[in-house]
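# Understanding the architecture of this molecule
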Amino acid sequence: MSRSGIAVSFNLNGRTVQETVPAQQVLADFLIERGVAGVRVSCDQGVCGACTALVDGCPIATCAAFVFQVDGCDVVTVEGLSDSDDLHPMQRSFVDRFAMQCGYCTPGMVLTAVALLNRKPDPSPDDVRRWLAGNVCRCTGYASIVDAVLDAARRRHDLRERT
Amino acid sequence: MTTRTVGTAPVRTDALAKVAGAALYTVDITVPGMLHAAALRSPYPHARIVRVDAERARRQPGVLAVVTGADPAAQRTYGWYIKDQPILAGDKARYAGDIVSAVAAEDPATAMAAVELIDVDYEPLEPLSDVESALRGDAPALFEERPAGTTPRYGRGASGWIHPDKNVCYRFRYHTGDATVMSSCDHVFDDSFSFSAMQHYHLEPFVSLASVTDGVIDVWSSNQSPFSLRRELARLFDRDEDRVRVHVPLVGGAFGAKNGCKAEPVAILLAMQTGRPVRFCMTAAEGFLTQRQHSATLRLRTGVMADGTLIGRDCEVLLDAGAYADASPLVAEKAAYRAPGPYRWQYVDAAASCVLTTTTPAGPFRGFGAPQAAWASESQLDMIAHRLGIDPYDLRVKNLRELGEPYMPGDSAVDSDLRSGLAAVAEALHYHDRPRREALRTQGRGLGLAIGFKDSGGGSKPASARVTVDGDGHVTLRCGTVELGQGAHTALRQIAAEILGIPVDGIDYAPVDTASVPFDQGTYASSSSAVMARAVAEAAIDVRRQVRQALTHRDGKALGDRGRHEDHALPQDWRRLLAGQVFDASGHFEVTPDADAPLGEKCFFWEPGWGGAEVEVDSETGRVRVRRLVVCGDAGRMINPELCHGQESGSAIMGLAQALVEHRMYAHGALATHDPLSYRVTTFTDLPDELDLMVQEQGHGPGPFGAKGYGEGGMLVVAAAIANAVQDAVGARVTDLPLTPERVLHALDQGGSEPSAGAAG
């Protein structure tokens, strides 16, 4: 591996990361080495979504991105969704709706769903299905996840109505 | 019976960790000084291994060990009934993906780079790409010597043979009744079906971390059956079982694939060579080369009377087992025994052979032979109904076994009312609304039904559990059931919580570790909520008895205990009242052998599934759109309704995957769908327009509170229900899976008529 590297600086879950990394270092590996357990590698080909992180609010497959690509970006993993001990409303809905079984896809699924609601606060079931189509869940049969995302959207909507 | 916790849906005990990214899986486990393994796999489907030169790899900086098939320890073999799979291929590679050599290095990149430096001389042999080529008279034998193995002790009407023919590793046959009844049938219909193989596609890869200290092997593994694994590893590495310790944290999906040896033997071999812990984490693509579902062809000869009375059935199943026997014998046994379906027969002769081919070894997959059997049987029932001019619903109802009637002579009684689930599905689909049905057909739409039925995983499956209360009132459940995602750790705690009258979160589930939890055969066949649940309930009831004694002693008056699950007359604060006292009890459950029962033990419970589909067939493109999928099962009694619905939904969509979406494909003898990128997995966009899930609670289960196992029924019914709906919609009969647009178009080209029917008698 090359000793020379690329200096990168980015925001990871609210904290600044400044490091020199090998050009070929993959973002998922970088994050996992730093204890970010919510990033899970499964397919390692950018097709299953288990390793999803939000980069400037956009879900990406960290197994298919180099670290240098996020230079200057805001990177959020499931650990950074909520800045308190409370769950993010999307996490809450996943818990309440039993929208997980083995849980391996769950962090990535939650992040992609959060990005959806940020873009489209009141999605239709079809919007949810299409938006989440890059995240594979082998256990649930997907139905409970669609319910959870719609439930989170409703809760958010109700919250806005009240305030 | 009233319950407080059982029948409710408290939050999964692992939900918060899973949603926060804090859940611990084997893949997360690291230890100081850990090395990383990588494997060299044969690129040839069938080849003589002439020479392996690992010197260049050994000399690489950071490489600590390279093992090859020449190492005697690597030549030890494993498997279920038949021990034929070597840790490393020695003289011969039997499929493209067979591990020939493995490296341990300081980091994964070094290990992977070193693998590329191992030179192997192969002498390619003729590949046996499919069942047909493996069964040809002049085909080479995949095994020159007959591997060691044992057949189980079967009961009345069942037999098994190891390597009865060249390239057939196992044959199972079940028969009952008199074959001559076939000649008195009005019709004998002879139809053949094919079933394609899926990948399990568990998201957590096959991964193990092994260390060997003072002769004790410690292995952390993503595995469903830690005690069975321990036994196999102890045998492979020549030591007593208590010198092998298996730890299983949460498992990131299994679906059958994580039974038996996967990454463990290579990790252990390298740990022994280097004296350091070794982690072997396969890539997902390597997973595709490690295990798969069984593809199959099934031929059914079914004798019926003109009024639709089923008389007899001959069934011949050919399973493509792949290169090694793995669990194929067991899958064969189940496929054949389940092939008759839950109908009344005077005669059955069902056999299944496992054919060795130079493809990825096939192993357990959700449903275990039953999806293959149900696909053929439930498709043929509809074909027969159409030929006789009888409604497929009526044909089924006419022939279904009654609640309380033995499945086969000597076996246990059917413990679900099979008509009620079928009626529920038919009603949800408006099946009996004739005018609506006619209107649907004019739009290329149709309805189909199917019934699935499988014997439970109670046989040869002892389970033990231990419940303890420490002096501080902490209650701990110790048992070997693995949390695969099904929610067993939540449900089993609910059972203990119910009996002890405490909240679910008042019970700790001890880490699954063979050194500290009692024996359990394994977490498979949807059996935890009945089999292990019995052991857990027994232990909890015993603790409750002890607690009541202690309270009696303390208060000087008797409380009594009728020993029933629901009898929770403990004072709510008993843990506080008895602070400082400890309680400890064990429970055990095991189905007793029975020579009269065909599989050697009476089936513990039956898992039925009922399915229905409304499809729309595009006759221009052949595309099948599922407008509505209805799946129903009988949980006996739901310990946790949300968990039951989760199992129902997961197995229904896996059934949909089988029907329409997923299949492994070979091109020119090589696996074309060899990784997640090339394999089309089922996603959100494949969901049917509407999904209706129903869970019945008929109350006849043998588990605590009337529970049964649950989680495979949907897998058995969806494919046949959809194929039957396609025939109803456009008259085209597809007998091969999956129902690709190409196949549907081809069937439409046949004039929308079904394959020709043989008639006799």
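Residues numbered from 1 in each chain as written. Chains lettered and ligands numbered in written order. Predicted model: local features only at pLDDT ≥ 70, side-chain atom pairs only at ≥ 80, totals over all residues. Heavy atoms only, no water.

## With respect to the domain arrangement of chain B
Residues and elements named next belong to chain B. Condition: For the domains described, the bounds stem from an automatic or database domain assignment. Residues are treated as being in contact if the distance between any of their heavy atoms lies within 4.5 Å. When two components associate, each loses some accessible surface as probed by a 1.4 Å sphere; the sum of these losses over both components is called the buried area. Each reported salt bridge corresponds to a side-chain nitrogen of Lys or Arg within 4 Å of a carboxyl oxygen of Asp or Glu. Between N or O atoms, a polar contact is any pair within 3.5 Å; within protein, one atom must be a potential hydrogen donor and the other a potential acceptor, and residues adjacent in sequence are included only when both atoms are from side chains. Numbered from the N terminus, helices here are DSSP runs of H or I no shorter than four residues, and strands are runs of E no shorter than two.
The assigned domain composition of chain B is domain 1 (15-23 + 461-589), domain 2 (31-125 + 207-288) and domain 3 (295-458 + 598-749). Between the C-alpha centres of domain 2 and domain 3 there is a distance of 37 Å. Contacts between the two partners involve 18 residues from domain 2 and, on the opposite side, 26 residues from domain 3. Across the domain 2 to domain 3 interface the summed buried area is about 1900 Å²; carbon plus sulfur atoms make up 66%. Broken down residue by residue, the surface that domain 2 buries against domain 3 is led by Trp-80, Phe-255 and Phe-288, which jointly contribute 38%. Run the count over domain 2 and domain 3 and you get zero salt bridges. Across the contact surface, domain 2 and domain 3 share six residue pairs in polar contact (both at pLDDT 80 or more). Among the secondary structure elements, those contributing two or more residues to the side of domain 2 that touches domain 3 are β6 (85-86) and α7 (284-288). Of all the elements, α7 adds the most residues to the side of domain 2 that touches domain 3, at three residues.

## Notes on the environment of Ile-87 of chain B
All names here are of chain B. We count it as follows: Working definition: with a 1.4 Å probe on protein chains only, accessible area under 20% of the residue-type maximum means buried, over 50% means exposed, and in between means partly exposed.
Mapped onto the elements, Ile-87 comes out in the loop between β6 and β7 (92-93). In this structure Ile-87 comes out as buried when scored by relative accessible area, which is 4%. Taking the C-alpha atoms as reference, Ile-87 lies 27 Å from Thr-481; in sequence the two are 394 residues apart. The residues contacting Ile-87, other than those within four sequence positions of it, are Ala-73, Ala-74, Arg-76, Tyr-78, Leu-236, Phe-237, Pro-265, Val-266 and Leu-269.

## Some remarks on the confidence of the model for chain B
Filter applied, for reference: For every residue, the predictor states its confidence as a pLDDT score lying anywhere from 0 to 100.
With 97% of its residues at a pLDDT of 70 or more, chain B shows a mean pLDDT of 95. Below a pLDDT of 50 lies the segment residues 753-761 of chain B, which in the model reaches 26 contacts outside its immediate sequence neighbourhood of four places, other chains included.

## Points about unusual backbone geometry
Residues and elements named next belong to chain B. Geometrically, the link from Leu-737 to Pro-738 is a cis peptide bond, its omega value of -10 degrees lying close to zero. Tracing the backbone shows Pro-738 in the loop between α17 (713-730) and α18 (741-749). If you check the backbone angles, Tyr-201 has positive phi at about 60 degrees while not being a glycine. When you line up the elements, Tyr-201 lands in the loop between β13 (187-195) and β14 (207-213). In this structure Tyr-201 comes out as buried when scored by relative accessible area, which is 7%.

## As for the interface of chain A and chain B
In this complex, chain A contributes 41 residues to the contact, which on the side of chain B involves 53 residues. Counting the surface lost from both chain A and chain B, the interface buries some 3700 Å², and carbon and sulfur atoms represent 64% of this. Of all residues in chain A, Phe-98, Arg-129 and Arg-138 of chain A bury the most surface against chain B, accounting for 24% of the area lost on that side. Taken together, chain A and chain B are joined by two salt bridges.

## Thoughts on the packing of aromatic side chains
Residues and elements named next belong to chain B. Using the following cut-off: Two rings belonging to Phe, Tyr or Trp (six-membered ring only in the last case) form a pair when the distance between their centres is within 6.5 Å. Interplanar angles under 30 degrees mark stacking, angles over 60 mark edge-to-face geometry, and anything in between is tilted. The criterion for a charge sitting over a ring is simple: Lys NZ or Arg CZ within 6 Å of the ring centre, and within 35 degrees of the ring normal.
For the structure on display, the rule yields 23 aromatic pairs over all chains. Geometrically, the ring pair formed by Tyr-154 and Phe-172 is edge-to-face, given 5.1 Å between the ring centres and 70 degrees between the ring planes. In this pair, Tyr-154 sits in the loop between β10 (148-149) and β11 (158-165) while Phe-172 sits in strand β12 (residues 168-176), placing the two residues 18 residues apart along the sequence. A residue is classified by how much of its surface remains accessible, and Phe-172, at 0% relative accessible area, is buried. Feature note: the residues Tyr-174, Tyr-337, Tyr-407, Phe-453 and Trp-606 constitute an aromatic cluster, connected by ring pairs. The ring of Phe-143 is capped by Arg-94, whose NZ or CZ atom sits 4.0 Å from the centre of that ring. The ring centre of Tyr-524 lies 5.0 Å from the NZ or CZ of Lys-461, which sits over that ring.

## A short note on the domain arrangement of chain A
Residue and element names in this part refer to chain A. Put simply, the rule reads: Each residue gets one label: Ala, Val, Leu, Ile, Met, Phe, Trp, Tyr, Cys and Pro are nonpolar, Asp, Glu, Lys and Arg are charged, and the others, such as Gly, are polar.
Domain annotation for chain A reports domain 1 (6-80) and domain 2 (89-162). On a C-alpha basis, the centroid separation for the pair domain 1 and domain 2 is 22 Å. Every contact between the two is made by 17 residues of domain 1 and, on the other side, 14 residues of domain 2. Of the roughly 1100 Å² buried between domain 1 and domain 2 on both sides combined, carbon and sulfur atoms contribute 63%. When the buried area of domain 1 at its contact with domain 2 is split by residue, Arg-40, Leu-54 and Val-78 rank highest and sum to 38% of it. Taken together, the links from domain 1 to domain 2 amount to zero salt bridges. There are four residue pairs in polar contact (both at pLDDT 80 or more) connecting domain 1 and domain 2. Of all elements in the fold, only β3 (52-55) and β4 (58-61) reach the threshold of two or more residues within the side of domain 1 that touches domain 2. Counting residues per element, the side of domain 1 that touches domain 2 draws most heavily on β3, which supplies three residues. Across the side of domain 1 that touches domain 2, the residue classes tally to ten nonpolar, six polar and one charged.

## Quick look at the nonpolar core
Selection rule: Residues enter a nonpolar core if they are buried and are Ala, Val, Leu, Ile, Met, Phe, Trp, Tyr or Cys, with the set joined through side-chain atoms within 4.5 Å.
Within the largest apolar cluster, 166 residues are counted, with the highest numbers of intra-cluster contacts made by Phe-94 and Val-149 of chain A together with Val-615 and Ile-722 of chain B. At twelve residues, the largest contribution of residues to this core is made by α17 of chain B. For Ile-722 of chain B, the contacting residues outside a window of four places in its chain are Ala-613, Val-615, Val-624, Val-626, Leu-656, Ala-659 and Leu-660 of chain B.

## Concerning the pairing of β14 of chain B
Residue and element names in this part refer to chain B. Under the convention used in this document: Pairing between strands is defined by DSSP: at least two bridges between them are needed.
Of all seven residues in β14, five are buried; the element is thus mostly enclosed. Pairing geometry for β14 and strand β17 (residues 278-281), over four bridges, is antiparallel. Bridging across to β17, Ser-208 finds its partner in Phe-280. Connecting β14 to the next strand, strand β15 (residues 216-221), in antiparallel fashion are two residues, including Asp-214 with a positive phi near 50 degrees.

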